[in-house]
Amino acid sequence: MAAIETHGLTKAYGELTAVDDLDLTVDDGEVFGFLGPNGAGKSTTINMLLDFTRPTAGSATVLGYDAQEEADAISPRVGVLPEGFDIYPRLSGRRHLEFAIETKAATDDPDALLERVGLSAADAARPAGDYSKGMRQRLATGMALVGDPDLLIMDEPSSGLDPHGIREMQDLVHREAKRGTTVFFSSHILEHVEAVCDRIGVLNEGSLVAVDTIEGLRESIGGGATMELTLDATADDLLETARDVVGVTDVVASGHTLECSITDPAAKASLVVALDGAGATIRDVRIDDVSLESLFTTLTNDDSESGGQATTDPGATAVTPEGNR
Ligand SMILES: Nc1ncnc2c1ncn2[C@@H]1O[C@H](COP(=O)(O)OP(=O)(O)OP(=O)(O)O)[C@@H](O)[C@H]1O
């Protein structure tokens with residue numbers, strides 16, 4: 001049984017189609033990344049899965065139940081970490097958890113939940129208003145885990161976290177995945193999705209433009225790598241040898257350097273072996289994989305280069321012109 005399945009799921013707000021004919025399957029037990037720029041329709045999709053918003057057309061099942069007709073059967077089995085989760089500043093972390101347990105009429109042990117999300121008993125006793133952003137996220141995740149849900153839906157869980165907080169969040173997702181929980185991880189930051197997800201779906205202007213593993217996506221746009229080899233000899237003499245290697249699509253020789261475009265990862269080793277066999281001495285090798293940033297720029301037609309790209313942390317790729325909010 002799929003954890004989430006949608007068929008033609010559509011939501012229009014007047015003239016605007018926020019989610020357009022979405023066919024999506026998230027398998028049981030996988031960590032699925034739902035990636036797209038701000039305004040792509042991620043939250044609207046989640047809202048339809050949770051029956052907070054009714055679709056204009058199409059249908060969705062969550063854990064085998066119809067998202068609209070059987071929402072009552074879904075909610076006890078799903079944990080949600082909403083975007084922009086608010087805490088009650090004066091209540092302790094433990095009280096937040098107790099409150100969530102009471103609300104869900106669950107029987108969880110608050111201490112076990114605290115341990116599961118990495119909050120100490122001392123932290124739990126403090127008012128949540130004193131918590132760092134990372135601790136708040138862990139508390140919110142602990143609340144989402146009440147009742148041991150089969151599906152955990154996380155909407156922008158890394159938003160606003162520092163690199164340490166992001167790592168903690170990623171570790172937590174890995175731990176939950178190991179327990180067998182299906183995780184639906186929505187984000188506009190590529191690296192955050194890539195670090196935790198088995199597969200990703202890329203949403204752009206309401207439409208699903210790709211569903212695959214990162215490697216699969218790279219291949220699908222003809223991705224590969226550029227390999228730059230510095231040789232002892234004049235590179236021109238080895239041009240043909242390099243061109244004959246299967247998986248090498250283009251070779252440019254310049255001085256002692258050969259620049260080779262590779263489509264098949266196995267060609268990297270073959271190229272080195274072929275050049276060595278032709279008597280070349282290789283002094284240096286540099287490999288540049290097709291950047292994920294360019295991959296997602298292609299998929300989302302992101303105009304962030306002209307619009308200015310902001311990111312949550314240094315080196316992160318946000319598939320959004322707005323960046324972190
Ligand atoms: N209640 C609403 N009424 C009108 N338009 C809406 C409503 N909710 C969302 N939209 C629009 O639908 C589109 C998709 O929004 P949505 O919040 O689902 O995107 P998102 O991918 O979750 O973006 P973000 O990362 O910013 O949360 C946007 O253009 C948004 O303005």
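It should be emphasised that the depicted structure is a prediction, and the values quoted were computed from it without experimental measurement.

Chemist: Any details on the overall build of the chain? Residues and values, ideally.
Modeler: On a plain count of helices and strands, the chain comes out with 13 helices and 14 strands. Buried residues in the chain amount to 39% of all 325 residues. Within the chain, contacts between residues separated by at least 24 positions form 67% of all contacts whose residues are at least 6 apart in sequence.

Chemist: I'd like to hear about the sheet that holds strand β4 (residues 57–62), residue by residue, with values.
Modeler: Taken in spatial order, the four strands line up as β2-β1-β4-β5 in an open sheet, and their pairing is antiparallel. Each of the sheet's edge strands pairs with one partner strand only, and the pair in question is β2 (16–27) and β5 (65–66). Across five bridges, the pairing between strand β1 (residues 2–13) and β4 is antiparallel. The residue bridging Thr 6 from the neighbouring strand is Ala 60, located in β4.

Chemist: Outline the domain arrangement of the chain, supporting the account with residue identities and numerical values.
Modeler: Under the domain assignment, the chain is made up of domain 1 (2–219) and domain 2 (224–289). Centre-to-centre, using C-alpha coordinates, domain 1 lies 45 Å away from domain 2.

Chemist: Any chance you could break down helix α7 (residues 163–178) for me, citing the residues and the numbers?
Modeler: When the terminal C-alpha atoms of α7 are compared, their 23 Å separation across 16 residues agrees well with the 22 Å that a helix rising 1.5 Å per residue should span. Restricting attention to buried positions, one finds in α7 the residues Gly 165, Ile 166, Glu 168, Met 169, Leu 172, Val 173 and Glu 176. Looking down the long axis of α7, one finds its buried residues gathered within 160 degrees of arc, a one-sided arrangement. Counted as exposed and oriented over 90 degrees from the buried face of α7: His 164, Asp 171 and Lys 178. Residues of α7 that are buried make contact with β3 (31–35), α4 (110–117), α6 (133–144), β7 (151–155), β8 (182–187) and α8 (190–196). Just past α7, the residue Gly 180 takes up positive phi, approximately 100 degrees.

Chemist: Describe the pairing of β1, with residues and values.
Modeler: Of the strand pairs in this sheet, β1 and β2 are connected by eight bridges, and their pairing is antiparallel. Among the inter-strand pairings, Leu 9 is bridged to a residue of β2, identified as Leu 22. Where β1 folds back onto β2 in an antiparallel hairpin, the turn is made up of two residues, including Gly 14, whose phi is positive at roughly 60 degrees.

Chemist: I'd like a description of the packing of α4 against α6, backed by residues and values.
Modeler: The packing of two helices is summarised by the inter-axis angle and the distance between the axes. For the pair α4 and α6, interaxial distance at closest approach is 9 Å and the crossing angle is 130 degrees. By the angle between their axes, α4 is oblique relative to α6. Pair α4 / α6 crosses with right-handed handedness. Taking contact as the criterion, the partners of Leu 113, Leu 114, Arg 116 and Val 117 in α4 are, on α6, Arg 138, Thr 141 and Gly 142. Taken together, the residues of the contact of α4 with α6 sort by class into three nonpolar, two polar and two charged.

Chemist: I'd love a proper account of the site of the ligand, names of residues and values included.
Modeler: Near the ligand you find Tyr 13, Leu 16, Ala 18, Gly 36, Asn 38, Gly 39, Ala 40, Gly 41, Lys 42, Ser 43, Thr 44 and His 188, and these make up its full shell. Counting only elements with at least two residues in the shell around the ligand, the list comes to β2 and α1 (42–49). No other element matches the three residues that α1 contributes to the shell around the ligand. A class-by-class count of the residues in the shell around the ligand yields four nonpolar, seven polar and one charged.

Chemist: So, the confidence of the model for the chain: which residues are in play, and what are the values?
Modeler: Looking at the chain as a whole, the pLDDT averages 86, with 89% of positions reaching at least 70. Here residues 303–325 is modelled with pLDDT under 50, and outside its nearest four sequence neighbours on either side it reaches 52 contacts, counting other chains as well. Prediction confidence for the complex, expressed as pTM and ipTM, is 0.77 and 0.97 respectively.

Chemist: So what's going on with the environment of Asp 23? Residues and values would help.
Modeler: Its place among the elements puts Asp 23 in strand β2. We classify Asp 23 as exposed; it has 12 C-beta atoms within 10 Å. The spatial distance from the C-alpha of Asp 23 to the C-alpha of Glu 115 is 37 Å, given a sequence separation of 92 residues. What Asp 23 contacts, discounting residues up to four positions off in sequence, is Thr 6, His 7 and Gly 8.

Cut-off values and rules
Residues numbered from 1 in each chain as written. Predicted model: local features only at pLDDT ≥ 70, side-chain atom pairs only at ≥ 80, totals over all residues. Helix = DSSP H or I, 4+ residues; strand = E, 2+ residues; numbered from the N terminus. Buried ≥ 20, exposed ≤ 12 C-beta atoms within 10 Å, placed from the backbone. Contact = placed C-beta atoms within 7 Å. Pairing = 2+ DSSP bridges. Domains from an automatic or database assignment. Expected span 1.5 Å × (residues − 1). Arc of directions from axis to C-beta. Axes fitted to C-alpha atoms, helices over the stretch in contact; angles between N-to-C directions. Parallel < 35°, antiparallel > 145°, perpendicular 65-115°, else oblique. Left-handed = near helix turned anticlockwise from the far one by under 90°. Nonpolar A, V, L, I, M, F, W, Y, C, P; charged D, E, K, R; others polar. Near = placed C-beta within 6 Å. pLDDT = per-residue confidence, 0-100.

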